[in-house]
Amino acid sequence: VTKESEFSTRATVGIMIKGLTVDNTVVGGPAYNSKDIEKGDVILKVDEDEATQDNIFQILIGDDNPGSTVEITVAKGGNQDAVATVKLTRMATSEIQDRRKMFEYFNSIKERAIADRDGFASSKVDETIRLWTNMWEADIAWEQAMTSNVQAMVEACRGWVQELMGELAALPDHLGGDSFTRAQVDELRRLHENELEEVLEGTVP
């Protein structure tokens, strides 16, 4: 939301508005990630509150708790016959504050270009925003792929651990005659189990 007070709060839905119209959604924010709220949508309600220019910032902030949920009803593209209600989970403002500032800077430059009737500069700002957004999307996709790969590795490690645990459990009471006592074998199993658990705990993201 373009009003500075909204981004000085602890929680946000990542919407930048002019009046009641969505001017943009911040990359990586709840509204952007939902893909259901877009530039040009008009906010009609937030939860059970009718949206007005006087209350829009406050009702979007809500109880100001990251992790709290909110339902936003919008007229898609401003079309009152195409109304949708989107449920979002507020996130910590600090996670997207820098990106929000970048959007504000771009919008300020574009507004100046429009005021100066400089169509070339205005179009270049739009292209810059598009390229910048694509860059962030690529970064997000890379992070998601890395997380997925790490989780797959953890699951594979768990399988190997279970297999090794089975082999340890199958060790005979004595190996090589009197080389090992039952207590020594049990201690060997216990040490391996502890070490493997520590490895897994350090690997889980």
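The sections below set out a description of the structure shown in this document. (Residues numbered from 1 in each chain as written. Predicted model: local features only at pLDDT ≥ 70, side-chain atom pairs only at ≥ 80, totals over all residues. Heavy atoms only, no water.)

With that settled, the discussion passes to the nonpolar core. If you look at the biggest cluster of nonpolar residues, it comprises 21 residues, and the most contacted ones within it are Ile-15, Ile-37, Ile-43, Ile-56, Leu-60, Ile-72 and Leu-88. Within the residue set of this core, elements represented by two or more residues are strand S2 (15-18), strand S4 (42-46), helix H2 (56-61), strand S6 (69-75) and strand S7 (83-89). Setting aside its immediate chain neighbours within four residues, Ile-43 contacts Ile-17, Leu-20, Val-22, Ala-51, Ile-56, Leu-60, Ile-72, Thr-73 and Val-74. Counting 11 residues, the second largest nonpolar core, distinct from the first, contains Tyr-32, Met-91, Val-125 and Trp-132. (Core = buried A, V, L, I, M, F, W, Y, C linked by side-chain atoms within 4.5 Å. Buried < 20%, exposed > 50% of the residue type's maximum accessible area, 1.4 Å probe, protein only. Helix = DSSP H or I, 4+ residues; strand = E, 2+ residues; numbered from the N terminus. Contact = heavy atoms within 4.5 Å.)

Time to look at the environment of Thr-85. Mapped onto the elements, Thr-85 comes out in strand S7. Excluding residues that lie within four positions of it along the chain, Thr-85 makes contacts with Glu-71, Ile-72 and Thr-73. Here Thr-73 takes part through its side chain, which lies 3.0 Å from a polar atom of the side chain of Thr-85. (Polar contact = N/O pair within 3.5 Å; in protein donor to acceptor, adjacent residues only side chain to side chain.)

Time to look at the side chain of Lys-110. Topologically, Lys-110 is positioned in helix H3 (residues 97-115). Of the residues examined, Lys-110 reaches a relative accessible area of 17% and is grouped as buried. Not counting residues up to four positions away in its chain, the partners in contact with Lys-110 are Lys-39, Ser-122, Val-125 and Asp-126.

Below, the discussion takes up unusual backbone geometry. If you check the backbone angles, Asp-64 has positive phi at about 60° while not being a glycine. Positionally, Asp-64 belongs in the loop between H2 and S6. Despite not being glycine, Arg-117 shows a phi value in the positive range, around 55°. Positionally, Arg-117 belongs in the loop between H3 and helix H4 (119-169). Of the residues examined, Arg-117 reaches a relative accessible area of 79% and is grouped as exposed.

All right, on to the packing of aromatic side chains then. Two descriptors summarise a pair of aromatic rings, namely the distance from one centre to the other and the angle between the planes of the rings. With the rule as written, the count across this model stands at two aromatic pairs. Residues Phe-106 and Trp-132 carry aromatic rings whose centres are separated by 5.9 Å and whose planes lie at 70° to one another, so their mutual orientation is edge-to-face. Here Trp-132 lies in helix H4 and Phe-106 lies in helix H3, a separation of 26 residues in the sequence. This pair shows no difference in class: Phe-106 is buried, exactly as Trp-132 is. When the centroid spacing of 6.3 Å and the interplanar angle of 80° are considered together, the rings of Trp-132 and Trp-136 count as edge-to-face. Pair noted here: Trp-132 and Trp-136 are both in helix H4, with a separation of four residues, about one helical turn. Note on Trp-132: relative accessible area 11%, which makes it buried. Linked through ring pairs, Phe-106, Trp-132 and Trp-136 together constitute an aromatic cluster. One Lys or Arg, Arg-99, reaches over the ring of Trp-136 and ends 4.3 Å from the middle of that ring. (Phe/Tyr/Trp six-rings, centres within 6.5 Å; stacked < 30°, edge-to-face > 60°. Lys NZ or Arg CZ within 6 Å of the ring centre and 35° of its normal.)

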